[in-house]
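Chain by chain, the residues:
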Amino acid sequence: MMSAVWHPFTQHGLGEDIPRVERGEGALLHLADGRTLIDCISSWWVTTHGHCEPRIAAAIAAQAGRLDQLIFAGHTHEPAERVAAALVAMTPPSLTRIFFSDSGSTAVEVALKMALGYWHRRGEARHRILVLEHSYHGDTIGAMSIGARGVFNRRYEPLLFDVGTIPFPAPGREQAALDALESAATGPDRPAAFVIEPLLLGAGGMLIYPAAVLREMAAICARHGILFIADEVMTGWGRTGSFLAVEQAGIAPDILCIAKGLTGGALPLAATLASEAIFEAHLSNDRADMFYHSSSYTANPIACAAAAANIEIWQEEDVIGRIARVGAALARGLETLAGHPAFDNPRHIGAVAAVDLKAGDAGYLSSLAPALRAFFLEKGLLLRPLGNTIYVMPPYCLTEEEAARIFAAIAEAGDRFGQPD
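Residues numbered from 1 in each chain as written. Predicted model: local features only at pLDDT ≥ 70, side-chain atom pairs only at ≥ 80, totals over all residues. Heavy atoms only, no water.

Under the annotation held in an unreviewed UniProt entry, the protein chain carries the name Adenosylmethionine-8-amino-7-oxononanoate aminotransferase and is attributed to Allosphingosinicella flava. Taken verbatim from the UniProt record of the protein chain, the Cofactor (unreviewed entry) comment is "pyridoxal 5'-phosphate". You can read under Sequence similarities (unreviewed entry) in the UniProt record for the protein chain the words "Belongs to the class-III pyridoxal-phosphate-dependent aminotransferase family. BioA subfamily." (UniProt positions renumbered as here; feature names shortened; annotations may be inferred.)

The structure is reproduced here in structure tokens:
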């Protein structure tokens, strides 16, 4: 029988195989046809400790029998209070307020509304948003507006608002990016905020830039009174080697967005963390001045219970040590590709590694992408290249043997599909 499901980021007209997954365990996914896949991309960058992590699964089951859902407008519950208190303790001290939502894209929308509401309440007409070239922040309208314009959002251009774009600080171009930000900050149209993915741009091609550049960008924004918004939806929860990427730059954003790994990848939950100044700007005796944002499942108790269990794992176990071990395995895997004529631009940060496969048609819509996905599926790997960019972003429980299998398959893909110079 034909499936009624319309899958995301899937061109059903190509008739590609869509495997049915029956269960997950650790870094493995078990298919209905008996095959097993290594989840090399943490099921869209969310699964941190591994699939069906026992402590998180137990917390979900216990909460489901106690309180499953609650309107969060004018009410609260223990799991949300526990998660909020823990997040305040785990993040820069200036971030004192937690606003829950249900996805990374929504967390970014909340951040944009907080920023614009802040300037409105201060009586300053600031609306312009600055972003980094090649950025991606989600697929809702505001998030698309501040992402790179291209295949992801071209059809929705009439809905999107204009932004100022700062060049990506590629090697040798770092100062040009900083100069562009300084120029935008001092122009006649004073920006409201600068939104950035710290250290690592995900969907833009797994692009990495130095912590020193991130630190100077934050300093420029601070000098000119521009709100600095860090989108750590993907980079948070250890992906870049530290709990938050901003830690490596020693900075504290005005607003911070987290999601994906917040529940260990078990359930959808997101949070936007704000400074006390942004919270206080929305305080008033007039109900018309409240912060207008919500969703029906804001701070869902079951999702918050999963997040609380995830936080306990971070507090009680050596998660950073696991990330370091996985990162070392990924670095060794990249070394095995060194000298292979089909690959270019190997890069690595934390528990993320990427390499570009030399191809005649590079970019997200490269014809290589579907062929590579099918090839890796045959090899027992869930890998989803960004065009000709092959990246590995596994759960933190990945073993040395599993890492070796992944990079052996990548090398074989280079032999079969690469187009050396």
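J.: Which residues make up helix H4 (residues 104-121), and what values do they have?
T.: If you check H4, its first and last C-alpha atoms are 26 Å apart, about what 18 residues at 1.5 Å a residue would give, namely 26 Å. At the exit of H4 stands Gly 123, carrying a positive phi of roughly 75°. (Helix = DSSP H or I, 4+ residues; strand = E, 2+ residues; numbered from the N terminus. Expected span 1.5 Å × (residues − 1).)

J.: Give a detailed account of the pattern of salt bridges, specifying residues and quantitative values.
T.: As enumerated under the stated definition, the model contains 20 salt bridges in all. With its nearest N and O atoms 3.4 Å apart, the salt bridge here joins Glu 124 to Arg 126. A relative accessible area of 26% means that Glu 124 is categorised as partly exposed. Notably, a salt bridge pairs Glu 216 with Arg 223, separated by 3.6 Å at the nearest N-O pair. Relative accessible area serves as the criterion here: at 52%, Arg 223 is assigned to the exposed category. It is possible to trace a salt-bridge network through shared partners that takes in Arg 55, Glu 78, Arg 82, Glu 312, Glu 316, Glu 317 and Arg 322. (Salt bridge = Lys/Arg side-chain N within 4 Å of Asp/Glu carboxyl O. Buried < 20%, exposed > 50% of the residue type's maximum accessible area, 1.4 Å probe, protein only.)

J.: Talk me through the UniProt feature "binding site: pyridoxal 5'-phosphate" (unreviewed entry) in the protein chain; I want residue IDs and the actual numbers.
T.: UniProt tags Gly 104, Ser 105, Asp 231, Ser 295 and Ser 296 as "binding site: pyridoxal 5'-phosphate" (unreviewed entry). Judged by maximum C-alpha separation, these annotated positions cover 193 residues in sequence and are scattered in space, the widest gap reaching 23.1 Å. Assignment of secondary structure puts Gly 104 in helix H4. Once residues within four sequence positions are removed from consideration, Gly 104 is found in contact with His 137, Val 233, Ala 259 and Ala 270. Summarising the element assignment, Asp 231 is placed in strand E10 (residues 227-231). The buried category is assigned to Asp 231, whose relative accessible area is 6%. In this structure Asp 231 touches Val 108, Tyr 136, His 137, Ile 196, Glu 197, Pro 198 and Cys 257, once residues within four positions along its chain are discounted. Polar side-chain contacts of Asp 231 include one of 2.7 Å to the side chain of His 137. (Contact = heavy atoms within 4.5 Å. Polar contact = N/O pair within 3.5 Å; in protein donor to acceptor, adjacent residues only side chain to side chain.)

J.: Mind laying out the nonpolar core, listing which residues take part and the relevant values?
T.: Counting 104 residues, the largest nonpolar core has Leu 87, Phe 194, Met 217, Phe 376, Ile 406 and Ile 410 as the members making the most contacts within it. By residue number, the principal contributor to this core is helix H9 (residues 301-316), which donates nine residues. Both domain 1 (12-52 + 319-417) and domain 2 (54-316) contribute no fewer than three residues apiece to this core. With 26 residues, the next largest nonpolar core counts Trp 119, Leu 227, Ile 255 and Ala 281 among its residues. (Core = buried A, V, L, I, M, F, W, Y, C linked by side-chain atoms within 4.5 Å. Domains from an automatic or database assignment.)

J.: So what's going on with the pairing of strand E3 (residues 36-39)? Which residues, and what values?
T.: Where strand E2 (residues 28-31) and E3 come together, three bridges link them in antiparallel fashion. Paired with His 30 across the strands is Thr 36, a residue of E3. Hairpin connection of E2 to E3: four residues between the antiparallel strands, including Gly 34 at a positive phi of 100°. With two bridges joining them, E3 and strand E15 (residues 381-382) adopt parallel strand pairing. Within E15, the position partnered with Ile 38 by the bridge is Leu 381. (Pairing = 2+ DSSP bridges.)

J.: Explain the packing of aromatic side chains residue by residue, including any values.
T.: Summed over the entire model, instances satisfying the criterion amount to 14 aromatic pairs. With centroids separated by 5.2 Å and ring planes inclined at 90°, the aromatic side chains of Phe 99 and Phe 291 adopt a geometry described as edge-to-face. You can see Phe 99 sitting in strand E4 (residues 95-101) and its partner Phe 291 sitting in the loop between helix H8 (276-281) and H9, a full 192 residues away along the chain. Their ring planes at 80° and their centres at 5.6 Å tell us that Phe 375 and Phe 417 sit as a pair that is edge-to-face. Note that Phe 375 is positioned in helix H11 (residues 368-378) and Phe 417 in helix H12 (residues 400-417), a separation of 42 residues in sequence. Look at Phe 375 and you get buried, because its relative accessible area is 2%. Within the aromatic cluster, the residues linked to one another by ring pairs are Phe 9, Trp 44, Tyr 136 and Phe 152. The lysine or arginine in question, Arg 97, covers the ring of Phe 279, its NZ or CZ lying 3.8 Å from the ring centre. Just above the ring of Trp 119 sits the side chain of Arg 126; from NZ or CZ to the centre is 3.9 Å. (Phe/Tyr/Trp six-rings, centres within 6.5 Å; stacked < 30°, edge-to-face > 60°. Lys NZ or Arg CZ within 6 Å of the ring centre and 35° of its normal.)

J.: Mind laying out the layout of surface pockets, listing which residues take part and the relevant values?
T.: One simple way to see leftover space: roll a probe sized like a water molecule over the atoms. In this structure, the second largest pocket encloses a volume near 820 Å³. Lining the second largest pocket are 28 residues, with Phe 72, Ile 98, Phe 99, Phe 279 and Phe 291 positioned closest to its centre. Listed by contribution, the elements that provide at least two residues to the lining of the second largest pocket are helix H3 (78-90), E4, strand E12 (270-275) and H8. Counted by class, the lining of the second largest pocket contains 15 nonpolar, 10 polar and three charged residues. (1 Å grid on protein atoms, 1.4 Å probe; cavity = no way out; pocket = protein on both sides within 12 Å on 5 of 7 lines; lining within 4 Å. Points joined across faces, edges and corners; volume = space filled by probe spheres on them. Nonpolar A, V, L, I, M, F, W, Y, C, P; charged D, E, K, R; others polar.)

J.: How would you explain the sheet that holds strand E13 (residues 343-349) if you had to name every residue and give the values?
T.: Overall, antiparallel pairing links the three strands, which are arranged E13-E14-E16 in an open sheet. Edge positions in the sheet fall to E13 and strand E16 (389-392), since each of these pairs with one other strand and no more. Direction aside, neighbouring strands of the sheet carry axes that sit 15° apart on average. Helix H10 (residues 319-337) contacts E13, strand E14 (352-357) and E16 of the sheet and is inclined by roughly 165° relative to E13. (Axes fitted to C-alpha atoms, helices over the stretch in contact; angles between N-to-C directions.)

J.: How would you explain the sheet that holds strand E1 (residues 21-25) if you had to name every residue and give the values?
T.: Strands in a sheet are paired, the pairing made by backbone hydrogen bonds, and the direction either parallel or antiparallel. The strand order across the open sheet formed by four strands is E1-E2-E3-E15, and the pairing between neighbours is mixed. One side of each edge strand has no neighbouring strand; the edge strands of this open sheet are E1 and E15. Summarising the sheet, E1 and E2 pair through four bridges and their orientation is antiparallel. For Arg 23, the partnering residue across the bridge sits in E2 and is His 30.

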